[in-house]
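The residues making up each chain are set out below.
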Amino acid sequence: MLYQRSSALFKAAQKVIPGGVNSPVRAFKAVGGTPLFVQKAKGAYLFDEDGNRLIDYISSWGPLILGHAFEPVIEAVKQQADLGTSYGMPTALETQLAALAVELVPHIDQIRMVNSGTEACMSAVRLARGFTGREKLIKFAGCYHGHSDAFLIQAGSGAVTFGAPSSPGVTQGTAKDTLLADYNKLESVAHHFDQHPEQIAAIIVEPVAGNMGCILPQKGFLEGLRSLCDQHGALLIFDEVMTGFRLAPGGAQARLGVRADIATFGKVLGGGLPVGAFAAREEIMAYLAPLGPVYQAGTLSGNPLAMAAGYTLLHHLKTHPEVFKRLDQKTATLHQGMADLLDQKGLPYQINRLGSMLSLHFTDQPVIDFKTATAGNNETFKRYFHGMLDRGVYLPPSAFESYFLNDALSEADIAHALEAFNGWLSSF
Ligand code: KE4
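A quick note: this is a predicted structure, and the numbers were derived from the prediction, not measured. Going along each chain's sequence as written, the residues are numbered from 1 onward. Per-residue local features are limited, in this predicted model, to residues with pLDDT of at least 70; the limit for side-chain atom pairs, both in listing and counting, is 80 or more; totals at the level of whole chains, interfaces and linings are taken over all residues. Excluded from the side-chain calculation are hydrogens and water; included are all heavy atoms of the structure.

Colleague: Just checking my understanding: could you explain the overall build of the chain for this structure?
Modeller: Secondary structure summary: the chain contains 14 helices and 16 strands in total. Radius of gyration: over C-alpha atoms. The globule rule applied is 2.2 Å multiplied by the number of residues raised to the 0.38 power. On C-alpha atoms alone, the chain measures out to a radius of gyration of 21 Å, which is about the 22 Å that the 2.2 N^0.38 rule sets for 428 residues. Reported as C-alpha extents along the three principal axes, the dimensions of the chain are approximately 55 × 55 × 45 Å. Using a 1.4 Å probe on the protein chains alone, a residue whose accessible area is under 20% of its type maximum counts as buried, one over 50% counts as exposed, and one in between counts as partly exposed. The burial tally for the chain puts 55% of its 428 residues in the buried class. Across the chain, contacts joining residues at least 24 apart in sequence account for 71% of those joining residues at least 6 apart. Within the structure as shown, the chain displays about 17,600 Å² of accessible surface, and the carbon and sulfur contribution to it stands at 55%. The secondary structure listing takes helices from DSSP runs of H or I that are at least 4 residues long and strands from runs of E that are at least 2 residues long, numbered from the N terminus. Contacts: residue pairs with any heavy atoms within 4.5 Å of one another. Note that accessible areas follow from Shrake-Rupley with a 1.4 Å probe, and for residues the cover is restricted to the protein chains shown.

Here is the structure:
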């Protein structure tokens, strides 16, 4: 494949944008090579600046569950744009989208729109701290909730139970309030409650992890978090920025049958425009300004363009629930096809999948947490990524990401990915 234009554009971008990108993963640092610059996209296809057509298995990291430039969403955004792009005043559109989300998602009475998943998760933690009057937060190694300071924490040195900053700029003061636990290991969570009685405001978790590759909650894990929170008076926050409106119309809470106290959203909710949100039962949301003392605000929160896009997409998902079954089937076909080819090749691998989230790990041990996710062969992954890209298939440029299939992917597109995979394996 030719990447001349992308290379030239990347060079120019690096002069005026740090690393040439507005989000680090796009720079291909984890896989090497030149990041592709996109000229346009439609349905399941991306068209880069060199005229390459790529079948997209990321769907903009999740939002475009029905594919790129979904006609009804484009139409809704165009119509709204003619009426103005932002008012900084309430609109009926915000109530429409909020009401639809509350209808689809179990256990929530109210939802507050913000502009990103980071903002949603950051605000959810502040709300949980305000509601409980407690300060500490439990998160899981390898789970990502956006780039707010409280989340950029890595495991502290052995003895210390609280975390250490995982990025310069995050203070020790912040880090001491974030406790690290291991995904799928309830005992690592119970330990913190024993060490910090009545100090833990919340547990925040990706109900299906998508930032270590895709990792499923083992039987009893989420239920165990629910009962630990009930036992110790802490709130359970489900970060559904990835899983929300993707695993089911009601997200992971609906599909997995575990209740969260606060749920955060993003991606699909905005239909490709910048939207995040956090939601809970009324008793908790009543703590939020302007009703209650917990402050949170945003100039562009509830932006009419984004509300029009999000409402149109969500309404389509509500009235076409067969999309979810179709997506599950397409992802299962990809999963089975890849597994068959890898078995024939005799390569060690794990494929984790739930619904339309999937990841491939080149390791012979089950990938159930951050430690096992990092045990995969990263060199093989890099060659896999580029081998597929050279054959017209665009996958996440990191072993620690999930695929997000979209419903615009045809059987032929899935077959193409499997042919590309077979082609790469034969050359490997
Ligand atoms: P944003 O602030 O990027 O909208 O959302 C942060 C976030 C929160 N929670 C979860 C579970 C997430 O996956 C994300 C963001 N996901 C990444 C993909 N790993 C977005 C891609 C990027 O960072 O460019």
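Colleague: What exactly am I supposed to notice about the nonpolar core here?
Modeller: The tendency in soluble globular proteins is for nonpolar side chains to be buried as a group. The term nonpolar core refers to a set of buried residues drawn from Ala, Val, Leu, Ile, Met, Phe, Trp, Tyr and Cys, joined through side-chain atoms within 4.5 Å. If you look at the biggest cluster of nonpolar residues, it comprises 80 residues, and the most contacted ones within it are Tyr-57, Phe-245, Leu-360, Tyr-384 and Phe-421. When residues in this core are grouped by element, the largest group, eight residues, is from helix H11 (residues 322-345). Apart from the residues within four sequence positions on either side, Tyr-384 is in contact with Met-338, Leu-360, Phe-362, Leu-395, Tyr-403, Phe-421 and Trp-424. Formed by 26 residues, the second largest nonpolar core is a distinct cluster that contains Leu-179, Ile-200, Ala-209 and Cys-229.

Colleague: Explanation requested: the site of the ligand in the structure shown.
Modeller: Definition of nearness: a residue and a molecule or strand are near each other if at least one heavy atom of the residue lies within 4 Å of the molecule or strand. Within the structure, the ligand sits among 16 residues, and Ser-23, Thr-118, Asn-211, Asp-239 and Glu-401 are positioned closest to it. Between an oxygen atom of the ligand and a side-chain N or O atom of Ser-23, the distance comes to 2.6 Å. For the ligand, a nitrogen atom lies 2.7 Å from a polar atom in the side chain of Glu-401. Contact with the protein chains removes 85% of the 540 Å² of surface that the ligand exposes when unbound. Side-chain classes follow a simple rule in which Ala, Val, Leu, Ile, Met, Phe, Trp, Tyr, Cys and Pro form the nonpolar group, Asp, Glu, Lys and Arg form the charged group, and the remainder, Gly included, forms the polar group. Its residues assigned to classes, the shell around the ligand shows five nonpolar, seven polar and four charged. Viewed by domain, the shell around the ligand spans two of them, domain 1 (4-69 + 321-427) and domain 2 (71-319), each represented by three or more residues. Polar contact is the term for a pair of N or O atoms within 3.5 Å; when the atoms are in protein, one must be able to donate a hydrogen and the other to accept it, and sequence-neighboring residues count only if both atoms are side-chain atoms. As annotated, the domain borders come from an automatic or database domain assignment.

Colleague: I tried to follow the sheet that holds strand S10 (residues 235-239) on my own but got confused; where do I start?
Modeller: Backbone-to-backbone hydrogen bonds join strands into a sheet, with any given pair of strands oriented parallel or antiparallel. The seven strands are arranged S4-S12-S11-S10-S9-S5-S8 in an open sheet whose pairing can be described as mixed. Edge positions in the open sheet fall to strand S4 (110-114) and strand S8 (178-181), since each of these has one partner strand only. Going from strand to strand, the sheet's axes swing by 20° on average, the running direction of each strand aside. The pairing of strand S11 (residues 262-265) with strand S12 (residues 276-280) spans four bridges and is antiparallel. Across the sheet, Ile-262 pairs through a bridge with Ala-280, a residue of S12. Strands pair, by our definition, only if DSSP identifies at least two bridges between them. All axes are obtained by fitting lines to C-alpha atoms, using only the stretch in contact for helices, and the reported angles, taken between N-to-C directions, cover 0 to 180 degrees.

Colleague: Looking at this model, I keep getting lost on the layout of surface pockets. Mind explaining?
Modeller: Unoccupied space between atoms shows up once a probe the size of one water molecule is rolled over them. Definitions used for this entry: grid spacing 1 Å over protein atoms alone; cavity, a set of points where a 1.4 Å probe fits but cannot get out; pocket, an open set with protein on both sides within 12 Å along at least 5 of 7 lines; lining residue, one with an atom within 4 Å of a point. Grid points are joined across faces, edges and corners, and a volume is the space filled by probe spheres set on the points. Each pocket or cavity is described by its volume, and for the second largest pocket that value is around 560 Å³. Taken together, 26 residues make up the lining of the second largest pocket; nearest its centre are Glu-94, Arg-112, Met-113, Ser-301 and Gly-302. If one sorts the elements of the lining of the second largest pocket by residue count, S4 sits on top with four residues.

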